[in-house]
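Close look at the chain arrangement
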Amino acid sequence: PEPGSVILSVDQVRKQFGGLVAINDMKFEVHAAEIIGLIGPNGAGKSTMFNLITGVLPVSSGEIRFAGGRIDGLDARRIVQRGVGRTFQHVHLIPHLSVLENVAMGAHLRGTAGPIAAALRFDREEEARLLHLAAEQVRRVGLGEVMHTPAGNLALGQQRILEIARALCTDPVLLLLDEPAAGLRLQEKNALAELLRALQREGMAVLLVEHDMDFVMGLADRLVVMEFGRKIAEGLPADIQRDEAVLAAYLGG
Ligand code: ADP
Ligand code: MG
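Predicted, not measured: the structure shown is a model, and the values here were computed from it.

Here is what the cut-offs are and how they apply
- Residues numbered from 1 in each chain as written.
- Chains lettered and ligands numbered in written order.
- Predicted model: local features only at pLDDT ≥ 70, side-chain atom pairs only at ≥ 80, totals over all residues.
- Helix = DSSP H or I, 4+ residues; strand = E, 2+ residues; numbered from the N terminus.
- Contact = placed C-beta atoms within 7 Å.
- Pairing = 2+ DSSP bridges.
- Axes fitted to C-alpha atoms, helices over the stretch in contact; angles between N-to-C directions.
- Buried ≥ 20, exposed ≤ 12 C-beta atoms within 10 Å, placed from the backbone.
- Core = buried A, V, L, I, M, F, W, Y, C linked by C-beta atoms within 7 Å.
- pLDDT = per-residue confidence, 0-100.
- Expected span 1.5 Å × (residues − 1).
- Near = placed C-beta within 6 Å.
- Nonpolar A, V, L, I, M, F, W, Y, C, P; charged D, E, K, R; others polar.

All right, on to the environment of Leu208 then. Turning to its location among the elements, Leu208 is positioned in strand S8 (residues 205-209). The sequence separation of Leu208 and Leu175 amounts to 33 residues, and the corresponding C-alpha distance is 8.1 Å. Not counting chain neighbours up to four residues away, the residues in contact with Leu208 comprise Gly37, Leu38, Leu177, Pro180 and Val216.

As structure tokens, then:
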């Protein structure tokens, strides 16, 4: 996509769980090669918004468009194939398998199929192809030196980076990250921020949910703030920090 063009647009999206309106009238855009922080107090609807964009949950109404086409109503696998990659709030890796194997497995799963189905469909040719692709992504994120180390031996910061490598195997142009900095040491956060900026320079857009304000304020080009399922503010980090509605939401929440 052209730098600066809209790649994701969330338009009047609503999500109801029975009588609970979790997302109401949500509207925002993400541009190519832009890093956007989605923030807000607990229960604001951030994870639900991610689940709607990635097709894990259906929208109740509204439209989500990605790279020009509607993706609301598509299943999660198709959305990944269109170019939306994601990581999860909690680390999903198999500790005794190597970094490379974990990344290759994710490349195969592409978000939806279960591990057993994946195991059954692995043939040698497919395996070789996946390992090659995975090795490329492992090097791209700077984990080349620990490629053959069991994933469980890595520090949390490197495990999060491993998960990004896995998401990169599906060749995304938009990466959705749910709390990537949670629990990381300062040095690990800096390494993560550096990686995300490097991906941005390659043209990747990143939408991240993050509670660590220093991290997200320092990294994001723009912030979208949610409270009670609605967007309450949107803008540059420096302006959001001084926004009265945002301050009230955090003090009240
Ligand atoms: P956040 O990620 O901002 O903390 P969530 O998106 O997890 O917020 O939750 C928003 C609201 O939707 C909360 O009130 C939560 O309890 C509710 N919610 C989230 N997922 C479900 C679900 N699958 N079923 C029912 N309610 C849900
Ligand atoms: Mg959440």
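Text resumes after the structure shown.
What follows concerns the sheet that holds strand S5 (residues 69-70). Spatially, 4 strands are ordered S2-S1-S4-S5 in an open sheet, and the strand pairing comes out antiparallel. Two strands in the sheet have a free side with no partner beyond their single neighbour: strand S2 (20-31) and S5. Bridge count for strand S4 (residues 61-66) against S5 is 2 bridges, and the pairing is antiparallel. If you follow Phe66 over to S5, its bridge partner there is Gly69. Running over the sheet, helix H1 (residues 46-53) touches strand S1 (6-17), S2 and S4 and is turned about 65° from S2.

With respect to the secondary-structure elements, Thr149 resides in the loop between helix H5 (124-140) and helix H6 (156-168). Overall, Thr149 belongs to the partly exposed group, with 14 C-beta atoms counted inside 10 Å. Taking the C-alpha atoms as reference, Thr149 lies 45 Å from Val21; in sequence the two are 128 residues apart.

Let's shift gears to the nonpolar core. In summary, soluble globular proteins display a tendency toward joint burial of nonpolar side chains. By size, the foremost hydrophobic cluster in this structure holds 72 residues, and its most contacted members are Leu38, Val103, Leu162, Ala165, Leu174 and Val206. Other than its neighbours up to four places away in sequence, Val103 contacts Ala134, Gln137, Val138, Leu162, Ala165, Arg166 and Cys169.

Most of strand S3 (residues 35-39) is tucked away, with 5 of its 5 residues classed as buried. Of the two faces of S3, the one holding Ile35, Gly37 and Ile39 and the one holding Ile36 and Leu38 are both buried throughout. Of the pairings in the sheet, the one linking S3 to strand S9 (residues 222-227) comprises 4 bridges and is parallel in character. Note on S9: the bridge partner recorded for Leu38 is Val224.

All right, on to the confidence of the model for the chain then. The pLDDT averaged across the chain works out to 91; a share of 92% of its residues lies at or above 70. With pTM at 0.91, the complex prediction returns an ipTM value of 0.98.

Once that is clear, we can look at the sheet that holds strand S10 (residues 230-235). The strand order S6-S7-S8-S3-S9-S10 describes an open sheet built from 6 strands, whose pairing is mixed. Of all strands in the sheet, those with a lone pairing partner are strand S6 (84-86) and S10, marking the two edges. Between one strand axis and the next, the sheet turns through 20° on average, direction left out of account. Pairing geometry for S3 and S8, over 4 bridges, is parallel. Paired with Gly37 across the two strands is Leu208, which belongs to S8.

In a regular helix each residue adds 1.5 Å, so 13 residues correspond to 18 Å; H6 covers 19 Å between its end C-alpha atoms and thus fits that length. Among the residues of H6, those classed as buried are Gly157, Gln158, Gln159, Arg160, Ile161, Leu162, Glu163, Ile164, Ala165, Arg166, Ala167 and Leu168.

Next up on the list: the pairing of S10. Successive residues of a regular strand alternate their side chains across the two faces of the sheet. Across 5 bridges, the pairing between S9 and S10 is antiparallel. Each bridged residue has a counterpart across the sheet, and for Val224 the counterpart in S10 is Glu234. Hairpin connection from S9 to S10: 2 residues lie between these consecutive antiparallel strands, with Phe228 at a positive phi of about 50°.

If you check the shell around ligand 1, you find Phe17, Leu20, Ala22, Gly40, Asn42, Gly43, Ala44, Gly45, Lys46, Ser47 and Thr48 and nothing else. Looking at the shell around ligand 1, the elements with two or more residues in it are S2 and H1. At 3 residues, H1 tops the list of elements feeding residues into the shell around ligand 1. Tallied by class, the residues present in the shell around ligand 1 amount to 4 nonpolar, 6 polar and 1 charged.

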